[in-house]
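Listed below, chain by chain, are the residues.
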Amino acid sequence: MSDQIKNTPDYGTPEAVLAAVELMQQPERIRASNRALINSLMNGRRPYTDEEVAENQIQINVNWGEGSKILQDANRQVNNALLHKGNFVTCTLLAGKTEKRYDRSAKFTANLNRALKRGKSGKKYLYLLKNRNASLVLHGIGVLMWPNNFDWMPKFIPLEDFLIPTGTLQDLTNLTHFAVNLYLTPYELMKMTHGNSEKAKESGWDLEVVRKILSAYGKLNKNNDQYNWVDRPEEMVNIWKQNQVVADSDAVPKVHLIAWYYRSESGGSENEEHWYRKICLKEVASAEGVDKLSISEKFVFDGGKREFASSVDSITSIQYGDCNLVPPQTYHSTRGLGEAIFATIECMNRLRCQWMQHVFENMLMLIRVQNPTDRDRPKVFNLRPYGVVEQGVEIIPQQERHQIDPRLVESAMAESRQLMSESSASFVQDVDSGTSKEQTLGEAQIRLQSANKMVSSMLDMMYALEMFKDEEIVRRFLLPNSDDPDVVEFRKRCKKDEIPDELMVAEFWQVDSDRVLGGGDQALAQQESTALFQNKAAFDQSSQRTIDRMWVSTITRNPALGELLVPNQPPTVTAGTMAADEVFPNLMLGVEVGMREGIERQEYVAKLIEKMSSVIDRISQTDEVGTQQDVIGLGMVSQHIEQNLQFMSQNPENKEFVTAAGKEVGRLMNMVKAFAQRQQEAASQQQQDPEAEAKAQATAQAAQQKQQINEASFEQKFQQREAEFSQKMQIANAGFVADITMLQAKAKAEIEALFKKTEAEIESMKKKAKAAPAQPKAD
């Protein structure tokens with residue numbers, strides 16, 4: 001594939017690149033010298049030079065560190081705002097199944113922040129951003145760059161090494177080319193090119209030239225002439241600060257390369273960007289036994305017509321903390337806090353030195369002698385409790401000595417503090433005014449809020465720019481063929497969390513940079529979080545949990561503890577639950593409802609089952625019967641749920657949910673059937689339905705008419721049968737009378753015979769009694 005790489009007509013030789021770089025390097029040397037003055041003052045440079053001290057007999061020459069104190073406060077606030085937060089970024093999924101978006105977004109965000117905050121990469125990224133923020137506060141600009149088109153972690157670029165044309169706007173829309181000084185150790189260069197030599201050669205590295213460079217620098221045991229002091233005076237100041245005197249003793253030798261980036265519009269529209277890169281040697285180290293390398297021989301890296309990036313935002317991320325208000329706001333017109341307070345700090349240091357020297361002078365005892373011979377004679381004889389000075393020696397009294405008006409000095413110092421406070425108000429919220437007046441709580445809150453307005457306006461811009469950097473980082477994490485170890489591990493975790501590969505596309509994710517309360521100021525953050533906590537009753541339940549977690553995190557300054565004590569929960573109100581709330585009343589009225597699309601269907605079905613269960617519980621707790629409309633409505637809800645479950649069953653992933661939901665609906669419908677049966681039983685006892693009552697009345701009338709007809713027919717038949725029976729009775733009576741007469745005569749005859757028999761027996765018994773002998777009486 002390397003044979004397909006052809007040089008573009010732009011900057012075809014290293015000489016052309018170096019000539020273009022030199023045009024940007026010349027004005028940059030002046031800017032670099034100004035930045036070096038700021039750096040040295042904030043690093044502790046004394047206000048007077050050694051020549052000034054000797055010439056003016058200056059005794060107090062001290063940098064009082066007020067500028068460093070202001071910068072430390074500003075750095076602390078910016079770091080609190082951009083670094084010390086629970087997550088660097090929050091990602092929201094915009095595609096895929098709606099019911100799974102929240103869960104997938106939470107897992108994606110957790111996996112991403114794990115790479116950004118944990119392990120070696122997290123530590124490296126933290127210090128990378130700290131360096132960027134320090135440059136941002138001091139000089140108003142912090143530059144990060146990606147060394148290739150696949151690694152997610154950028155590199156911090158010092159301002160003296162970022163060469164950009166004069167007049168470039170802050171948004172880089174008119175940028176057509178720029179260069180970056182690369183100072184690589186031989187190990188870094190070898191790792192960059194020989195870690196995967198085939199891939200490096202294919203991308204554009206000339207490995208033969210690289211080997212010559214590594215061979216030459218491998219013979220150096222120390223860094224000879226490591227730095228170009230003309231182009232990089234800030235680095236000289238930094239080295240001097242570290243080593244005080246010896247500036248070049250143990251530093252590792254570095255290869256000085258220049259990376260050249262340029263934009264080509266050939267074959268594209270004005271809105272399309274095509275960025276290309278070339279790298280060549282800029283300076284060559286020389287030492288005993290080392291052959292001189294030719295910087296104009298070949299490019300170390302030549303991407304040819306292979307596009308390095310489709311946007312400048314994929315190459316560099318520039319953060320601004322601009323104190324400049326003059327439009328147009330260009331890159332080189334940006335002013336940081338260091339330049340804003342430089343003159344005031346310099347003046348304050350000199351004023352304090354003069355004032356302190358005056359104090360020391362007033363602490364000395366000045367003696368006046370009358371003649372030269374008395375100069376060596378001044379003695380004090382201690383005659384306790386008195387002291388005696390010899391004649392000719394006189395102590396100069398206080399009123400005759402030179403006096404400085406202390407009010408004038410205090411006024412000048414207060415004025416300087418005020419200027420420093422106003423100049424740094426965009427970064428820090430307060431600089432001591434030098435007064436000892438105690439403020440009331442109201443005054444302190446008003447001053448805190450007023451200062452925060454200035455700070456928060458700058459931080460709003462920082463957060464906006466931070467989002468573009470985070471979007472590029474997320475895009476690189478989503479590159480499918482990246483061999484970055486962190487990216488590979490991240491994709492493994494996402495796959496384990498069941499995030500489909502088709503959703504691992506940058507366009508499907510919304511990236512937001514997390515913000516902290518108070519704009520990085522802890523006192524204001526606690527005040528804001530406490531105000532929210534005290535008024536959380538005005539918010540819904542999900543928002544109350546967020547406020548609780550925010551309050552714990554802010555008060556303890558520990559986001560992890562806030563997450564532990566008040567963990568995140570999925571939102572209870574989703575598109576599915578909202579749709580269920582809408583359709584349930586219609587279903588209960590017996591109105592048929594169609595299938596809903598684009599909702600979390602599991603939550604939709606679960607919510608309908610929940611509402612169905614609540615209605616059944618209400619009926620069970622009252623009369624256990626309900627109304628006929630309740631039965632009809634619950635039946636409609638059941639049918640609608642079954643339709644959705646049938647649709648969901650087409651996806652095997654929903655099998656467990658469909659089975660469980662179907663069983664629950666069956667259980668609920670058994671209870672509904674019991675209600676219907678009780679209603680039928682109650683209807684048989686008491687007609688409450690008007691329609692049924694009318695029907696029953698009609699039935700009753702028909703039955704009454706039928707009964708009347710039957711009664712008339714029965715009466716007729718009864719009369720006929722009665723006549724027949726009367727005739728039969730008459731016949732029977734005639735026979736019965738004859739029988740009775742006969743029976744009566746027979747009975748009379750029998751009775752008379754029996755009577756006669758009885759009378760005869762009685763007469764017989766009387767006769768026997770008379771004929772029997774008399775019995776003797778007892779004594």
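No experiment lies behind these values; they were computed from the predicted model shown.

Peer 1: What is the right way to look at the overall build of the chain in this model?
Peer 2: Counting secondary structure elements, the chain contains 21 helices and 14 strands. Expressed as a percentage of the 779 residues in the chain, the buried residues total 37%. Counting contacts in the chain only where the partners sit at least 6 residues apart, residues at least 24 apart contribute 73% of the total. A total of about 46700 Å² of accessible surface is found on the chain, and carbon and sulfur atoms cover 53% of it.

Peer 1: Can you help me understand the nonpolar core in this one?
Peer 2: In this structure, F162 and F178 are the most contacted members of the largest nonpolar core, which totals 39 residues. Listed by contribution, the elements that provide at least two residues to this core are β2 (141–145), β5 (177–184), α8 (207–217), β6 (255–263), β7 (275–281) and β9 (316–320). Ranked by residues supplied to this core, first place goes to α8 with seven residues. Not counting the four nearest positions on each side in its chain, F178 is found in contact with M24, M145, F162, L163, I164, A259, W260, Y261, W275, V312 and I315.

Peer 1: What's the story with the pattern of salt bridges in this structure? I'm lost.
Peer 2: Enumeration over the complete set of coordinates arrives at 20 salt bridges. E346 is the partner of R350 in a salt bridge, and the nearest nitrogen-oxygen pair spans 3.9 Å. Here R350 and its partner E346 are both found in helix α10 (residues 337–363), four residues apart, which amounts to about one turn of the helix. By relative accessible area, R350 is classed as partly exposed at 29%. What makes E346 buried here is its relative accessible area of 13%. The salt bridge partner of E466 is K469, with a shortest N-O separation of 3.6 Å. Remark: K469 and E466 occur in helix α12 (residues 441–477); sequence separation between them is three residues, near one turn of the helix. The class of E466 is buried, set by a relative accessible area of 3%. The network of salt bridges with common partners includes R132, E466, K469 and D470.

Peer 1: For this particular structure, what's the right way to read the confidence of the model for the chain?
Peer 2: A low pLDDT means the predicted coordinates there should not be read in detail. On average, residues of the chain score 77 in pLDDT, and 70% of them are at 70 or above. Overall, residues 431–436 carries pLDDT values under 50, and its contacts beyond four positions in sequence, including any with other chains, amount to ten contacts.

Peer 1: Just checking my understanding: could you explain the packing of aromatic side chains for this structure?
Peer 2: To describe a pair of aromatic rings, one takes the distance between the centres and the angle between the planes. With the rule as written, the count across this model stands at 14 aromatic pairs. Residues F108 and F490 carry aromatic rings whose centres are separated by 5.2 Å and whose planes lie at 85° to one another, so their mutual orientation is edge-to-face. Here the residue F108 occupies a position in helix α4 (residues 98–117), and F490 occupies one in helix α13 (residues 485–496), the gap between them amounting to 382 residues. A residue is classified by how much of its surface remains accessible, and F108, at 0% relative accessible area, is buried. With a relative accessible area of 2%, F490 lands in the buried category. Through a chain of ring-to-ring contacts, three or more aromatic side chains come together here, namely F88, F108, Y125, W152, F477, F490 and W509. Its guanidinium or amino end placed over the ring of F88, K117 lies 4.5 Å from that ring's centre, counting from NZ or CZ.

Peer 1: I'm lost on the sheet that holds β2 in this one. Help?
Peer 2: In a beta sheet, neighbouring strands are held together by backbone hydrogen bonds and run either parallel or antiparallel to one another. Reading across the sheet, the three strands line up as β3-β2-β9 and stay open at both edges, with antiparallel pairing between neighbours. The open sheet has two edge strands with one neighbour each: β3 (155–157) and β9. Averaged over all pairs of adjacent strands, the angle between strand axes in this sheet comes to 30°, irrespective of strand direction. With five bridges connecting them, β2 and β9 associate as antiparallel partners. Across the sheet, G142 pairs through a bridge with Q319, a residue of β9. In the packing of helix α5 (residues 119–139) onto the sheet, contacts are made with β2, β3 and β9, and the angle to β2 comes to roughly 150°.

Peer 1: What is the right way to read the pairing of strand β14 (residues 509–513) from this model?
Peer 2: Successive residues of a regular strand alternate their side chains across the two faces of the sheet. Where burial is concerned, the two faces of β14 differ: the one with W509, V511 and S513 is buried and the one with Q510 and D512 is not. Direction of pairing for strand β1 (residues 89–93) relative to β14: antiparallel, over a ladder of five bridges. Bridge pairing links T92 to Q510 in β14.

Peer 1: What is the right way to look at the environment of C280 in this model?
Peer 2: Counting through the fold element by element, C280 comes out in strand β7. Each C-alpha atom of the pair C280 and I258 lies 5.6 Å from the other, and the pair is 22 residues apart in sequence. Excluding its chain neighbours within four sequence positions, the residues that come into contact with C280 are P14, V17, L18, L257, I258, F299 and V300.

Peer 1: Any chance you could explain the environment of A579 here in plain terms?
Peer 2: As for its position among the elements, A579 is in helix α17 (residues 575–588). Classification of A579 as buried rests on a relative accessible area of 7%. Sequence separation of A579 and E600 is 21 residues, and the distance between their C-alpha atoms is 9.4 Å. Here A579 is in contact with R596, I599 and Y604, once residues within four sequence places are set aside.

Peer 1: How do you make sense of the packing of α4 against α13 when you look at a structure like this?
Peer 2: Between two packed helices, what matters for the description is the angle formed by their axes and the separation of those axes. With their axes 10 Å apart at the nearest point, α4 and α13 run at an angle of 155° to one another. In terms of their interaxial angle, α4 and α13 are classed as roughly antiparallel. For the pair α4 and α13, the crossing hand works out as right-handed. For the pair formed by α4 and α13, the contact residues are F108, N111, L112 and R114 on the first element and F490, R493 and C494 on the second. Looking at side-chain class alone, the contact of α4 with α13 contains four nonpolar, one polar and two charged residues.

Peer 1: Got a minute to help me understand helix α3 (residues 66–82) in this structure?
Peer 2: In an α-helix there are 3.6 residues to a turn, and that puts residues three or four apart on one side. An ideal rise of 1.5 Å per residue puts 24 Å on 17 residues; α3 measures up with 24 Å between its terminal C-alpha atoms. With twelve of 17 residues buried, α3 lies mostly within the body of the structure. Burial in α3 covers these residues: E66, G67, I70, L71, D73, A74, Q77, V78, N79, N80, A81 and L82.

Peer 1: Help me understand the sheet that holds β7, please; the structure alone is not making it clear to me.
Peer 2: Sheet architecture is open: five strands sit in the order β4-β5-β6-β7-β8, paired in antiparallel fashion. The two strands at the open ends of the sheet, each matched to only one other strand, are β4 (162–163) and β8 (301–302). Bridge count for β4 against β5 is two bridges, and the pairing is antiparallel. Bridging across to β5, L163 finds its partner in A179.

Thresholds applied
- Residue positions within a chain follow its written sequence, with the count starting from 1.
- The predicted nature of this model means local features are confined to residues of pLDDT at least 70 and side-chain atom pairs, given and counted, to a pLDDT of 80 or more, with totals for whole chains, interfaces and linings taken over all residues.
- For the side-chain quantities, the full set of heavy atoms in the structure was used; hydrogens and water were omitted.
- Helix and strand definitions here come from DSSP, where helices need a minimum of 4 consecutive H or I residues and strands a minimum of 2 consecutive E residues; each element is numbered from the N-terminal end.
- Between buried and exposed lies partly exposed: a residue is buried under 20% and exposed over 50% of the maximum accessible area for its type, with that area taken using a 1.4 Å probe on protein chains only.
- We call two residues in contact when some of their heavy atoms are within 4.5 Å.
- With residues, only the protein chains shown are counted as cover, and all accessible areas are computed by Shrake-Rupley using a 1.4 Å probe.
- Residues enter a nonpolar core if they are buried and are Ala, Val, Leu, Ile, Met, Phe, Trp, Tyr or Cys, with the set joined through side-chain atoms within 4.5 Å.
- Any Lys or Arg side-chain nitrogen located within 4 Å of an Asp or Glu carboxyl oxygen qualifies as a salt bridge.
- The predictor's confidence in any single residue is recorded as pLDDT, a number from 0 to 100.
- The pairing test for Phe, Tyr and Trp rings, Trp by its six-membered ring, is centres within 6.5 Å, and the orientation test on the planes gives stacked under 30 degrees, edge-to-face over 60, and tilted for anything in between.
- Counted as over-ring charges are cases with an Arg CZ or a Lys NZ within 6 Å of the ring centre that also lie within 35 degrees of the ring normal.
- Note: two strands are recorded as paired if DSSP finds a minimum of 2 bridges between them.
- Note on method: axes are straight lines fitted to C-alpha atoms, helices fitted across the in-contact stretch only, with angles between N-to-C directions ranging 0 to 180 degrees.
- Our angle categories are set so that under 35 degrees counts as roughly parallel, over 145 as roughly antiparallel, 65 to 115 as roughly perpendicular, and the remainder as oblique.
- A crossing counts as left-handed when the near helix is turned anticlockwise from the far one by less than a right angle, and as right-handed when that turn is clockwise.
- For this classification, the nonpolar set comprises Ala, Val, Leu, Ile, Met, Phe, Trp, Tyr, Cys and Pro, the charged set comprises Asp, Glu, Lys and Arg, and every other residue, Gly included, is treated as polar.
- What a helix is expected to span follows from its residue count: subtract one and scale by 1.5 Å.

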